[in-house]
Amino acid sequence: LLLEANLLQLASSSHHPFYNGFYYNHIMNDMDNGQDKVDYFSGPKLVVETSKDPVYSYSGANVTLPCHYRYDSDPGAKRKIRIKWSKLRDDYTKEQDVMVAIGKTYVAFGDFKGRAHLHQASQYEASLVISDVHLKDDGKYRCEVIDGLEDESDVVDLRLQGIVFPYQPPRGQYRLNFHEAEQVCQDQGAILATFHQLFQAWSEGLDWCNAGWLADGTVQYPIRLPRKPCGGVHLAPGIRSYGPRHRHLHRFDAYCFSSMLRGEVFYLDHLTGMTLEEAKQSCQEAGAEIARVGHLYSAWKFLGLDRCSAGWLADGSVRYPIVKPRPNCGPAEPGVRTFGFPSKGRFGVFCYKER
């Protein structure tokens, strides 16, 4: 009863409205006379614009993310502008600082140190240049321009041209927790794919019935042709999802993403074939390294590598890429064929050499 009485007294005596403590375009000043003074912002409105279409690039390239700002009326004297670039998660819940600049002074953060700077060819340009693009650079970026109380931003999408491929380790199906999946993709010259990368691969024809980890910790798999073991024949084609899984306890395969190559993949063979160790040595003698799985998939997709001869790869698997299906070269569809991880046998080898 006492609590109720106190609450009633507070409600009847307070004439101030409730505020959440944050104001965008006005400032509340207590004048000690029971009245609030409201100062409305009346300067020129700031407008920030980026590319509405995605910007495409590939691993190792240099890319410019366009961003320009303007005012809806003459801003008058030269203004001190602060520019901030951030990288967003797909769900917009978290940002990674990329770079902050005031005038000609700027600071890049984290993995972007030494790789990010502003391109300001005109007075109102705030474009971001990223050098030596990394696989993890793929995603959405926010260009934010701050002028005093005015703070406006827009988002641009950087998409890397690449390929998604499913991966199982030598131990077999569903042996990887999330962190192990991250590592095996990295070992193959790739990273865990994002959902939009997997969706793009599905739209281009990827059909794989095994569930695999994605970069956000969810487990999903792409189905083009519905069938009983893959969710049932009555479900429509699409991306099947198990949702988020426990990153340490649950085990699945992995979906890896590799971009275009900065080098070339070539094939070596001996009359009697080679063991895995002999294959590694042959690549070294040719001034190269034994190719990884990501290298082979990228060369198949972007460089048209077509070889109906099986060869060793760095993970101990034996595979070969087919662009033009033909007799005695596997199924009727293009793709990278695999012999698994043979413990014995002699084969050729795929080598990778950077330009």
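The rules we used
Residues numbered from 1 in each chain as written. Predicted model: local features only at pLDDT ≥ 70, side-chain atom pairs only at ≥ 80, totals over all residues. Heavy atoms only, no water. Helix = DSSP H or I, 4+ residues; strand = E, 2+ residues; numbered from the N terminus. Buried < 20%, exposed > 50% of the residue type's maximum accessible area, 1.4 Å probe, protein only. Polar contact = N/O pair within 3.5 Å; in protein donor to acceptor, adjacent residues only side chain to side chain. Contact = heavy atoms within 4.5 Å. Pairing = 2+ DSSP bridges. Axes fitted to C-alpha atoms, helices over the stretch in contact; angles between N-to-C directions. pLDDT = per-residue confidence, 0-100. Disulfide = S-S within 2.5 Å. 1 Å grid on protein atoms, 1.4 Å probe; cavity = no way out; pocket = protein on both sides within 12 Å on 5 of 7 lines; lining within 4 Å. Points joined across faces, edges and corners; volume = space filled by probe spheres on them. Nonpolar A, V, L, I, M, F, W, Y, C, P; charged D, E, K, R; others polar. Domains from an automatic or database assignment.

**Examining the side chain of Q197**
Then, in step 1: Summarising the element assignment, Q197 is placed in helix α3 (residues 195-203).
Then, in step 2: The exposure class of Q197 is buried, given its relative accessible area of 5%.
Then, in step 3: In terms of polar contacts, Q197 uses its side chain to reach the side chain of D138, at 3.4 Å.
Then, in step 4: With residues up to four places along the chain from it excluded, the contact list for Q197 reads D138, V164, L192 and F257.

**Let's talk about unusual backbone geometry**
Then, in step 1: Its identity as a non-glycine residue notwithstanding, D132 has a phi of 50°, on the positive side.
Then, in step 2: The phi dihedral of N328 is positive, around 70°, even though this residue is not glycine.
Then, in step 3: Position of N328 among the secondary structure elements: in the loop between β23 (318-322) and β24 (335-338).

**Side note on the sheet that holds strand β4 (residues 55-57)**
Then, in step 1: A sheet is described by the order of its strands in space; here 6 strands give the open sequence β4-β13-β12-β7-β8-β9, paired in mixed fashion. Unpaired on one side and paired on the other, β4 and β9 (105-108) mark the two borders of the sheet. Direction aside, the axes of adjacent strands within the sheet are offset by 25° on average.

**Considerations on the confidence of the model for the protein chain**
Then, in step 1: For the protein chain, per-residue confidence averages 88 on the pLDDT scale, and 86% of positions sit at 70 or higher.
Then, in step 2: In the predicted structure, residues 1-31 sits below a pLDDT of 50 and forms 27 contacts with residues beyond four places in sequence or in another chain.

**Quick notes on the environment of R262**
Then, in step 1: Within the secondary structure, R262 is located in the loop between β19 (253-259) and β20 (263-268).
Then, in step 2: Along the primary structure R262 and S59 are separated by 203 residues, whereas in three dimensions their C-alpha atoms are 7.6 Å apart.
Then, in step 3: At a separation of 3.2 Å, a polar atom in the side chain of R262 contacts the side chain of D132.

**Remarks on the state of the cysteines**
Then, in step 1: Inspection of the entire model under this criterion finds 5 disulfides.
Then, in step 2: With a sulfur-sulfur separation of 2.0 Å, C185 is cross-linked through a disulfide to C256. Residues C185 and C256 share a disulfide whose torsion about the S-S bond is about -80°; that sign makes it left-handed. Here C256 lies in strand β19 and C185 lies in helix α2 (residues 178-187), a separation of 71 residues in the sequence. Grouping residues by exposure puts C185 and C256 together as buried.
Then, in step 3: Note on cysteine connectivity: C283 is disulfide-linked to C351, with sulfurs 2.0 Å apart. Residues C283 and C351 share a disulfide whose torsion about the S-S bond is about -80°; that sign makes it left-handed. With C283 in helix α4 (residues 276-285) and C351 in strand β25 (residues 348-354), the pair connects residues that are 68 residues apart, well separated along the chain.
Then, in step 4: On the accessibility criterion, C283 (0% relative accessible area) is buried.
Then, in step 5: You can call C351 buried: its relative accessible area is 0%.

**Things to note about the layout of surface pockets**
Then, in step 1: The space that makes up the largest pocket amounts to roughly 1300 Å³.
Then, in step 2: Lining the largest pocket are 42 residues, and of these L135, K136, I191, L192 and A215 sit closest to its centre.
Then, in step 3: Counting residues per element, the ones that place at least two in the lining of the largest pocket are β7 (82-88), β8 (95-102), β12 (139-147), α2, β15 (191-192), α3, β19 and β25.
Then, in step 4: The dominant element in the lining of the largest pocket, judged by the number of residues it contributes, is α2, at 4 residues.
Then, in step 5: A class-by-class count of the residues in the lining of the largest pocket yields 12 nonpolar, 12 polar and 18 charged.
Then, in step 6: Volume-wise, the second largest pocket comes out at about 820 Å³.
Then, in step 7: Lining the second largest pocket we find 28 residues, and of these L206, W208, Y297, G335 and V336 sit closest to its centre.
Then, in step 8: Those elements that provide at least two residues to the lining of the second largest pocket are β14 (162-167), α5 (293-302) and β24.
Then, in step 9: Among the elements that line the lining of the second largest pocket, the one with the most residues is β14, at 5 residues.
Then, in step 10: Classifying every residue of the lining of the second largest pocket gives 16 nonpolar, 6 polar and 6 charged.
Then, in step 11: Counting contributing residues, the lining of the second largest pocket receives three or more from each of domain 2 (162-258) and domain 3 (261-354).

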